[in-house]
Amino acid sequence: MDLPVAPATSLSSAAGAGGSLRAWAVRAGIGHEVDTLGAVLGETKLVVAMARGKKLQNKALEGFLRELDHEVFDADTLLDELEYHRLRTEAVEAADEEGDAGQQALEDEECSDGQNSNIFQQCSSSPDPASDSSECQVIIYDENANSLMPRVELDKDDILRKISHHVNQLNKMQHEARQAFKLEELDFLALRKNPAYMDLRETTPLVTEVRIYGRDKERDQIANTLVSGETEHENLSVFAVVGNGGVGKTTLARLLCNDDTIIKHFELRVWIYVSVNFDEIKLTHDLLECLYGDRFETIDDMTKLQQFVEDAVKSKRLLLVMDDIWEDHNTSRWNTFLDPLRRTQVKGNKILVTTRNFSVVKMTGAKDSIKLDGLLEPDFWSLFRECAFGNEKQLPKLVHIGRQIAKKLKGYPLAAKTVGRLLQRKLDTEDWMRVLDSDEWKYEQGSEDIIPALRISYNHLPFPLQRCFSYCALFPKNHHFNTEQFVNVWIAQGFVCSKETERIEDVGNEYFNELVQCGFIQYEAPRLAYIMHDLIHDLAQMVSSDECFTIHAPGCSTNSKLIRHVSVITESIYRPKGDGSMLPNEYFHQEFVKSINTVQSKNLGTVILIGRYDSSFSDVFRSKLNEFKAIRVLKLEMMFDSLGSLICNIATFIHLRYLELRAAYSYSTLELPEAISNLYRLQVLDIRHNWGPDTKLPRGLNNILNLRHFLAIEKLHEKIVGVGKLKFLQELKAFNVQRKKGFNIGQLGNLMELRGSLKICGIGNVKSTEEAAMAKLNDKAYLRSLQLSWDKKQRDSAAHTLALEGFQPHQSLECLRIDGHIGDVCTWLTTNFSLTSLRSLHLEGCQKWTALPPIEKLPLLKELHLVRMFRIRELIIGPLEVLELREMHRLTKCTMLHEGLSCKSIRHLEIMSCYQLRKLPFLQSFSDIEHEQQFPNLQRVMIHDWPQSVDLPAFPINKILTDIDISDAGSVQSMSLRLKQAVGSDGLYIAIKGGSYLSSLDEKILAFHNLTALEEMEITNSPNLIYMAWNRLWQLTFLKRLAISSCPKLFCSFPIGFSLPSSLEDLNLSMCDVTGNQLTQLLMNLPNLSNLRIAYCDKVTSLALGLLSSGTHLMPEGLCHIPSHCLNSIQQLRISSDMAFLSNKSLGDFIHLRELVIKGCVVLLSTMVGQARMNSNGSILPSSLHSLHIDGLLDNVLRCSNLSSLVELDVEHSPSLTSLDLQSCKTLRKLVVRKCNLLTSFDGLQNLIFLSKMVVKGCPTMVSLPLQSCQALQHLHVEDCNSLCDLDSLACLPLLSELHLLKNHKLVSFKLHPHAALRCLNIQESPALSSWEDLKSLAHLDHLEVGKAPGFVSMWNRAAQEAEVEGQEFYSPLKTLHIDDISFLTTAVCRLIPSLKKLSIGFPRDSRDVDYQVSEFTSEQEGALKLLKQLERLEFLSLMNLQMLPSEIHSVPSLQHLIIWKCEKIKSLPQKGLPASLQLLDVDWCSSKLYDQCREVRGLQWLYICGHKQDKN
C-alpha cells in the first residue's frame, strides 16, 4: 500500500522556520528546489515515524530504516544550514537598520560587491554531492576561538547539486522502503490512523516506593553479623553482598541501613555509590559530603582530605555502605581510601559492600559474605503483582498470564518492576499475551539473564521515548540525571514531538516522567537525584550501539557507519597532581585518536566530554572536534578557562542548539567569545556549573534570537546587554536597571515567555510610573516570583512611589518581594489589590509604609516575611506556614484574621528585635498537650531579642520541631537555647547557655517528652542554675553525649540514687560543683561509656579505680571511684582537675583506653608514681594507648609504662622533666615536646622507625637530637633550643619534606640527605648558622622562608656560584620565597629558581625592631630579578629605608600582583612603569605621593590603597 505524500508545507517541520525560509530561498533563486526537498523530507520522516515502534521480522529492513533515518538527518542538516544563513542575513540587515557599526563592517566584508541581495558568492570548485552536507560551505576562519565570525561563502550551484542529491536519494530509499513494507504486509492505513506517537492517557500514578518482599532472612542474618561481638575488637571489618545485577543488592543494603538494630548500633551510617571507577580521591570527597555536607572540592591533597575524614569518624562507630564495587585487583587504592577509617578510636566499625563479583570479596578482605539469588516464587509473585496491577482489580485471565510472565523473570526485582510497570500501562489480555509471546525471550544467555525482559519493556515504549532512552547511553553509569538538562538535550536533537497546546519543554517533561514511571530511570531519595540502574544502562548501550558511541577507555571502537552521537568519558583515565592539575596520559591520547577515527560519519549531532584531563589531551580533542560541523549538542567539561582550549572557533558550529560548558573548578572565570553571538540556532546556553561572577559575556549575546534558556548564576543574568531582543527567553534571574543603553527597564517589555523568578534591582533609575510600566509585568502570566529592589544610595522617595505604581505584576504571581522602597505604598497593593494568588509576601526596608496588603484578600498566602517595616504598628495574619518578623520596632499588636482561626499549618516561626510586641495570638498559655495539638507541623523556631514577650511555652512543642534558636526572650532574658540535628546522625543536639538569669531547668523550659530523639546535650555558662529536672533525663533514651560546663551550683540539687540513661557514651563535666561521690553515682549505670572528661571540678579531690556498686555509701564525698565496668568501656579519658590517686590499681587497668589527656594534674601524677613504686607490678599507663597528651610529666611515668601501641605523644609544660623515655614507644608517628626547661635528652629515639612528625619547642637545655634512626621522619620543627649547635643527623633522613628551624641562636650547621625530599624549609633567627652542605638537597624544594639568617643567604649564593662555574645542570622547583635579605638576588641564584611564582622581600608584618639599611637595588640585582620569568606575585614588606622600586620591574613578564607595605621612603613608581600583566596593586603604610601615583595606574583589575579598594580608572 502506498504511503501518504507529505504536503509541501512540511518544510516548516523540517526546517523549523516555515515561510521565512521559503521566502529567503525564493529571494536567493532556489525557492522551488528548497520546497521540493522540504516536501520529500517531510514525507520520508512520516515513513520512518510510522514504521518505528512496530516489530519487524526482517532484520535487514530494520538496518535499512536506520540508514534511511541517517539520510534524513543529513538532508535536515542541509536545510538547517540554509535556515542559519537566513537568520544571519536578517541579523546583518537588522544591524544595518540600527546603525551598528561592527555588524555593518561585517556585512561590508561579506558583501564586498555592494549587492546585499546577492546571497551567494560563486566558488571555483564544488564538493562531491555525495559527501556530508556539512561540507557544502567553504569556511575560512581564524583558529582563535575569540574570532568574531568566520567568513562564509555559499556556492549556489553546489547547494543546488546537494539538494538534488538528497531529493533523489530520499525518493529512491522511500521506494525501496515501500517494497519492503509490502513484503512485511504492514497495514499502513492502520499505521496512519495510529501513528507511533506517545499516548500518556492510559498511564497510572507512579508508585515510588513498593514494599520489599522476601529479604527478611537475609536482612536479619547480615544485621546480626554487623552488630555481633565477634568483630567488635577490630577497628574495621567488611561484609559483602554478592549477586547479579538487578537481583536486589542495593535494595537489601538500603533496608539494612534503616533497620532499627543498625540505627541503634552505629552512630554514623554513610552511603557511597562506587560503580566501575574506583577513584579513592573522588570517593573520599563523596564520604566527606556525607560527613560534613561539604565535598571540600578545592582540596586535592589526599593527606588533608583523610585528616578531615579521620576527625569526623574517630570517636563514632561507623557503618559505611559501598554500593556496586567493580574494582577487584588494585588493593592499594582500596587501602588508601580506608586508611583514615582504620585509625579510629572506636572499634566495631563495619563496611557493607555490594558487588557482582566474588573477586571483589577477595580484594576487600571481607570476612563474611552472602550470595543473593532471585526471590522465591511466592515473594516474587507478590512483588510482580503489586507492580503489574497496583490498586487495579486483578482479572483472572490477566493473573494467569502474569504468572507465566513472572516465571520468565528469574525472581529478579528489577525485571519485576520494569516489566510489571509496562503491563500496568494497559491491563489488556491482548497486550499481555504479546509480551508473553515476545521473540526476545529466545535470546536469553543463561538462567540468570534478565536483559531480554528489559528489552521487552523497551520494545513497548513509544518510538520518541525509545530515542530519548537510548540517548542516555552516552552518559556514564551512576550519572545523576537532571530533568531540565535532558529535556533540553532531547529537544535540541528533535526527539520531542511538539504539541500545539503545550510548550515543548512540558512535553519533554512528560517524556522524562514516563521513563521514570516505566522504571527506566529511578528516583533515589537518599541522594535526591534521578539515576539509571546499571543493567538498564547496559540495555541503553545495547539498543543505541548503531547511533551512540562512548570512548571511556583505551581500545574503544565502532563499526557502525551511522554513529551520530559521541561521548568521551575520562573520569577513570586521569589522576590528579597535588596542585589539582592532571598527570599526563600519552597512551590514552593516542588511543583516543584511534577511537575517534573509527567514527565514519562526520555529521555528528552530539559531542560530550565528561571528566578531567590534561593540556595535551585538550589539544588533541580540539583538533578532532574541528572535524565535526553538524553538531547540535555540545557538552564540555573545561579544565581551563579559555574556550579556545577545546574549540578552534565556536562560530563554525552553526547547527548548535545546546551548548553546556562546565568548569572543573569552583569560581572559575570564563570569557565567552563574541563569536557565540552568531550561533543563531542556539536554544540553550548552560554555564551555571562552577563559573563565577567575573565570567565575561559577549556583548552581542542578544543576537541569539532563538535562545530559550540561559542557565547561569544570577550575576551573569544581570550582564546581558539588550536582553529585550531575546523574545523566547524563559529564564532571567536578575535584571539591573541602569541609565545606559541596553539596560533600560523597557528591555523587559518584550520578554513574555519569562518563567520562574525575576529580580529587578537598581529601580532607583526608574523615574516615573510610565517608565516602569514599560516592563509590562502585568502581561507576564508565567512569572511566578518577583523581587523589586531599590539601592540604598537611591533616596528619591517620590520617584520610588511613582516607579512602584508602574510595576504591577500579573495576578497569577505567587511570590512577591519588595526591598528598600522608601516611598508610599502603591494602589495595586492596597485599594486596587488583585494578587489573590500570592503564596509568599516579603517586604523589607519599606520605611514609610503604614499599611500592608489586605490579608483577607490573600486566601492562598502561606509565607509572610516582614523586615524593618518601622511604621507598621498592627498586624493581621491568616493561617500561615511561615511567619518572619525582624526589626519591627513599632509593632505592638498581632491578631488573627478571624477569631478562633487555627495556626496548625505553621511550620517556621522567626521573631527578632520586635521590642514592643508582647505576644503572638497563637503563642498562649496552653498545656503541653494543647500546644502539640495547636502546632502539629511546627518544625523551626528562631526567636532573638524579644524582651517584651510573655512567657514562652516549653520547647520543643512537638517531636517534629527539630530546629530551635532562642535567645534573649521571655522571662529568662539571658538564656539561649539551640536545638538542631546532630552532626553525622539522625538524632538531635541541644545546647543551653543559661546566663545569669536561669535558675531552674525544668519542664516549663524543656519539654523532655518531646526530646526522645536527643543524642547530645550541652548545658554551659549558667552561674545561677541551681535546679534541673534530673529525673526527666530518663526520658532521653537515646542520649549519647552529656556536657555540663561552667555551672557552679547545679549539682546542689542532684538527687541521691539518680543515674543517667544507660545509652550515654560521652560524659563531659567542666567547671561545675559535682563531688567525687556524685560523679561515682553518675558512672554506676553507664555500661557504654567510652569518653570521660573531668576538668576543673574542685570538689573531686581524689580518684580510685575498680569499685563495686556495693561500696558507694562508704566513700568520702570528694572521692571519685570509677566502677569496674568503666575500665573495660572507656576509650577516651581527659582529666584537667588535680586530685590524689588513691588506688591499688593504675590507669594501666583501662584495657581499651586509646586517648589520654592529663593537664594540670601535678598531685595526680606524683601519687600515681608513688603507687607504682609500692606496687611494682603493672604499668602506670595502659598499653592500649594510641594518643597521649600530658603536661607536668615526671621522668618515671613513661619509664614505668608499656606504650607499645602509642601513635601520638604530646608533652608540654613539664619543668622537672630531664629525660624523655621513649623505649617502649616503638609505633610512635608524631612527637611534640614543648616548654620542658630541664629536658636534655631523649632516651629511645633509635626505636622510632615510624616517626613521621616531630616538634621540639622551648627546650633550652637540649644539646643534641640524634635522629639517625628516624628515617621515616617527614616533618621536623625545632624552635627555641638555644643549646643546640648542629643538626648533622638530618643527613640520614631521606624522606624529610618539611623543616622549620626557628630561634635556635647557637645553631651553627645542619646537613641534609643528598636525595632529600625536602619541599618546605623555614629558617628564622638563626644568626650563627654558617655551615650547610650540598645544594642538591634542595632538588624538590617549592617553599622557602629565610629571616635573620645571613649565613644561610651567603652560603646559598656561594653554592650557586660554584655550581655555575662547574657547569652543573641543576634547577630547584621553588614556587614561594620569603626572604629578608635582597643579597640573594644574584644571577647565579635566580637561574636556579626559574619556577618561582611568589617572592616576598622584607620582614613579616608583625616583626619588630626592623633595621634594614638597603636603599636601592643594584644593577646586578635588577638583572637577576628579570630572570624570574614565571614570577606572579611580588611583595616588598617593611623595607623602611628603601627609596625606590627596581627600575626594571616592568620587565618581569608574568607579574600579576604587586604589594608594597610599610616602605615609607618610596615616593614614586619606576619611570618605565609597571608590567602590562599586572592585575592587582596593593599599597599600604607608604607615602601619600606614592598613593597618588598608584591611583593613576591604568589597566588594573584591583587597586587597594590603605586597605581600601579603589574604583577602577
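Basis of the calculations
Residues numbered from 1 in each chain as written. Predicted model: local features only at pLDDT ≥ 70, side-chain atom pairs only at ≥ 80, totals over all residues. Heavy atoms only, no water. Helix = DSSP H or I, 4+ residues; strand = E, 2+ residues; numbered from the N terminus. Contact = heavy atoms within 4.5 Å. Pairing = 2+ DSSP bridges. Axes fitted to C-alpha atoms, helices over the stretch in contact; angles between N-to-C directions. Salt bridge = Lys/Arg side-chain N within 4 Å of Asp/Glu carboxyl O. Polar contact = N/O pair within 3.5 Å; in protein donor to acceptor, adjacent residues only side chain to side chain. Buried < 20%, exposed > 50% of the residue type's maximum accessible area, 1.4 Å probe, protein only. Phe/Tyr/Trp six-rings, centres within 6.5 Å; stacked < 30°, edge-to-face > 60°. Lys NZ or Arg CZ within 6 Å of the ring centre and 35° of its normal. Parallel < 35°, antiparallel > 145°, perpendicular 65-115°, else oblique. Left-handed = near helix turned anticlockwise from the far one by under 90°. pLDDT = per-residue confidence, 0-100. Disulfide = S-S within 2.5 Å. Nonpolar A, V, L, I, M, F, W, Y, C, P; charged D, E, K, R; others polar.

Student: So what's going on with the overall build of the chain? Which residues, and what values?
Tutor: Helices and strands together make up the secondary structure of the chain, namely 37 helices and 61 strands. The long-range share in the chain, meaning contacts at least 24 apart out of those at least 6 apart in sequence, stands at 60%.

Student: If you had to explain the sheet that holds strand E14 (residues 658–663) to someone new, which residues and values would you point to?
Tutor: The seven strands are arranged E10-E11-E12-E13-E14-E15-E16 in an open sheet whose pairing can be described as parallel. Both edges of this open sheet fall to strand E10 (548–551) and strand E16 (709–711), since each of them pairs with a single strand only. Across the sheet, the mean angle from the axis of one strand to that of its neighbour is 10°, orientation sign disregarded. Sheet topology note: the E10/strand E11 (residues 565–569) ladder contains four bridges and is parallel. Within the sheet, the bridge partner assigned to Cys548 lies in E11 and is His565. Sitting on the sheet, helix H21 (residues 483–492) touches strand E13 (633–638), E14, strand E15 (684–686) and E16, and the angle it makes with E14 is about 145°. Against the sheet, helix H24 (residues 586–597) engages E10 and E11, with an angle of about 170° to E10.

Student: Can you break down the sheet that holds strand E3 (residues 236–242) residue by residue, with the values?
Tutor: Here we have five strands laid out as an open sheet, ordered E4-E5-E6-E3-E7, and parallel in their pairing. The open sheet has two free edges, formed respectively by strand E4 (268–275) and strand E7 (368–371), since each of these has just one partner strand. Between one strand axis and the next, the sheet turns through 15° on average, direction left out of account. Relative to E7, E3 runs parallel, the two being bridged by four bridges. By the bridge assignment, Ala240 is partnered in E7 with Ser369.

Student: So what's going on with the pattern of salt bridges? Which residues, and what values?
Tutor: Enumeration over the complete set of coordinates arrives at 68 salt bridges. The residue Glu377 makes a salt bridge to Arg403 at a minimum N-O spacing of 3.4 Å. Here the residue Glu377 occupies a position in helix H15 (residues 377–389), and Arg403 occupies one in helix H16 (residues 396–407), the gap between them amounting to 26 residues. Here Glu1496 and Arg1498 are joined by a salt bridge, their closest N and O atoms 3.9 Å apart.

Student: How would you explain the side chain of Lys635 if you had to name every residue and give the values?
Tutor: The residue Lys635 is located in strand E13 in this model. Engagement of the side chain of Lys635 in a polar contact is seen with the side chain of Glu660, the distance being 2.9 Å. Ignoring any residue separated from it by four or fewer positions in sequence, one finds Lys635 in contact with Phe475, Gln485, Val607, Ile608, Leu609, Ile610, Glu660 and Arg662.

Student: Explain unusual backbone geometry residue by residue, including any values.
Tutor: At the junction of Phe955 and Pro956, the peptide bond is cis and its omega measures out at -5° in the coordinates. Locating Pro956 in the fold gives a position in the loop between strand E27 (940–946) and strand E28 (963–969). One non-glycine residue, Asn1021, lies in positive phi territory at about 50°. By secondary structure assignment, the location of Asn1021 is in the loop between strand E32 (1014–1020) and strand E33 (1027–1028). Residue Ser1438 is not a glycine yet carries a positive backbone phi of 55°. Mapping Ser1438 onto the fold places it in the loop between strand E57 (1433–1437) and strand E58 (1457–1461).

Student: Requested: an account of helix H20 (residues 463–471), with residues and values cited.
Tutor: For H20, the buried fraction is high: eight of the nine residues fall into the buried class. Of the residues making up H20, those classed as buried are Phe463, Pro464, Leu465, Gln466, Cys468, Phe469, Ser470 and Tyr471.

Student: Quick rundown of the packing of aromatic side chains? Include the residues and the values.
Tutor: A full pass over the atoms with the stated rule returns 35 aromatic pairs. Measuring from centroid to centroid gives 5.1 Å for Phe592 and Phe617, while their planes differ by 65°, and the two rings are edge-to-face. Here Phe592, found in helix H24, pairs with Phe617, found in helix H25 (residues 615–625); they are 25 residues apart in sequence, far enough to count as distant. Grouping residues by exposure puts Phe592 and Phe617 together as buried. An aromatic cluster is present here, built from Phe475, Phe481, Phe486, Trp490, Phe512, Tyr523 and Tyr530 joined pairwise through their rings. When the ring centre of Tyr782 is taken as origin, the NZ or CZ atom of Arg755, which lies over that ring, is 4.0 Å away. When the ring centre of Trp1485 is taken as origin, the NZ or CZ atom of Lys1462, which lies over that ring, is 5.2 Å away.

Student: Account for the environment of Lys904, with residues named and values stated.
Tutor: Checked against the element boundaries, Lys904 lands in the loop between strand E25 (893–896) and strand E26 (908–912). Since its relative accessible area comes to 43%, Lys904 is described here as partly exposed. In this structure, the C-alpha to C-alpha distance between Lys904 and Leu880, residues 24 residues apart in sequence, is 8.6 Å. For Lys904, the contacting residues outside a window of four places in its chain are Gln933, Gln934, Pro936 and Asn937.

Student: Account for H21, naming residues and giving values.
Tutor: H21 sits mainly inside the fold: eight of its 10 residues count as buried. Where H21 is concerned, the buried positions are Gln485, Phe486, Val487, Asn488, Val489, Trp490, Ile491 and Ala492. Between the side-chain oxygen at the start of H21 and the backbone nitrogen of Glu484 there is a gap of 3.1 Å, and the oxygen is on Asn482. Backbone geometry just downstream of H21 places Gly494 in the positive-phi region, at approximately 80°.

Student: Report on the packing of H16 against helix H18 (residues 429–436), specifying residues and quantitative values.
Tutor: At their nearest, the axes of H16 and H18 sit 10 Å apart, and the two run at 15° to each other. When the axes of H16 and H18 are compared, the pair comes out roughly parallel. H18 is crossed by H16, and the crossing has left-handed handedness. Residues Lys397, Leu398, Ile401, Gly402, Gln404 and Ile405 of H16 form the contact with H18, whose own contacting residues are Thr429, Trp432, Met433, Val435 and Leu436.

Student: How would you summarise the pairing of E3 if you had to cite specific residues and measurements?
Tutor: Across the seven residues of E3, seven count as buried, placing the element largely inside the fold. Where burial is concerned, the two faces of E3 agree: the one with Leu236, Val238, Ala240 and Val242 and the one with Ser237, Phe239 and Val241 are both buried. Here E3 runs beside strand E6 (residues 349–355); their pairing, made up of seven bridges, is parallel. Note that in E6 the partner of Leu236 across the bridge is Asn349.

Student: Please provide a residue-by-residue account of the confidence of the model for the chain, values included.
Tutor: In the predicted model, the chain carries a mean pLDDT of 84, and 87% of its residues have values of at least 70. Long-range and interchain partners of residues 1–17, a stretch whose pLDDT sits below 50, account for 43 contacts in this model, where long-range means more than four residues apart. When the criterion is pLDDT under 50, residues 100–118 qualifies, and its contacts beyond four places in sequence or with other chains add up to 20 contacts.

Student: So what's going on with the state of the cysteines? Which residues, and what values?
Tutor: Under the counting rule described, the total for this entry stands at zero disulfides. Unpaired in this structure, Cys497 has its nearest cysteine sulfur neighbour in Cys468, at a distance of 8.6 Å.

Student: Requested: an account of the environment of Pro859, with residues and values cited.
Tutor: Here Pro859 shows up in the loop between strand E21 (840–844) and strand E22 (863–867). Taking the C-alpha atoms as reference, Pro859 lies 6.9 Å from Thr836; in sequence the two are 23 residues apart.

Student: Would you mind going over the pairing of strand E41 (residues 1155–1158) in detail, with residue names and values included?
Tutor: Here is the key point about a regular strand: its side chains alternate between the two faces of the sheet. A two-sided burial pattern is seen for E41, the buried positions comprising Glu1155 and Val1157 on one face and Leu1156 and Ile1158 on the other. Bridge count for strand E39 (residues 1132–1136) against E41 is four bridges, and the pairing is parallel. Note that in E41 the partner of Gln1132 across the bridge is Glu1155. Sheet analysis places E41 next to strand E42 (residues 1187–1191), joined by four bridges and oriented parallel.

Student: Please set out the packing of helix H17 (residues 413–425) against helix H19 (residues 451–459) residue by residue, giving values where relevant.
Tutor: At a minimum axis distance of 9 Å, the contact between H17 and H19 shows a crossing angle of 25°. Between H17 and H19, the angle falls in the class roughly parallel. By crossing handedness, the relation of H17 to H19 is classed as left-handed. Of H19, the residues touching H17 (which contributes Leu414, Ala415, Thr418, Val419 and Leu422) are Ala453, Leu454, Ile456 and Ser457. Here the contact of H17 with H19 is built from residues that sort into seven nonpolar, two polar and no charged.

Student: Describe in detail the side chain of Thr355, supporting the description with residues and values.
Tutor: Relative to the assigned elements, Thr355 resides in strand E6. With relative accessibility at 0%, the residue Thr355 sits in the buried group. Excluding anything up to four places from it in sequence, Thr355 contacts Val241, Val242, Gly243, Lys249, Ile325 and Val360.

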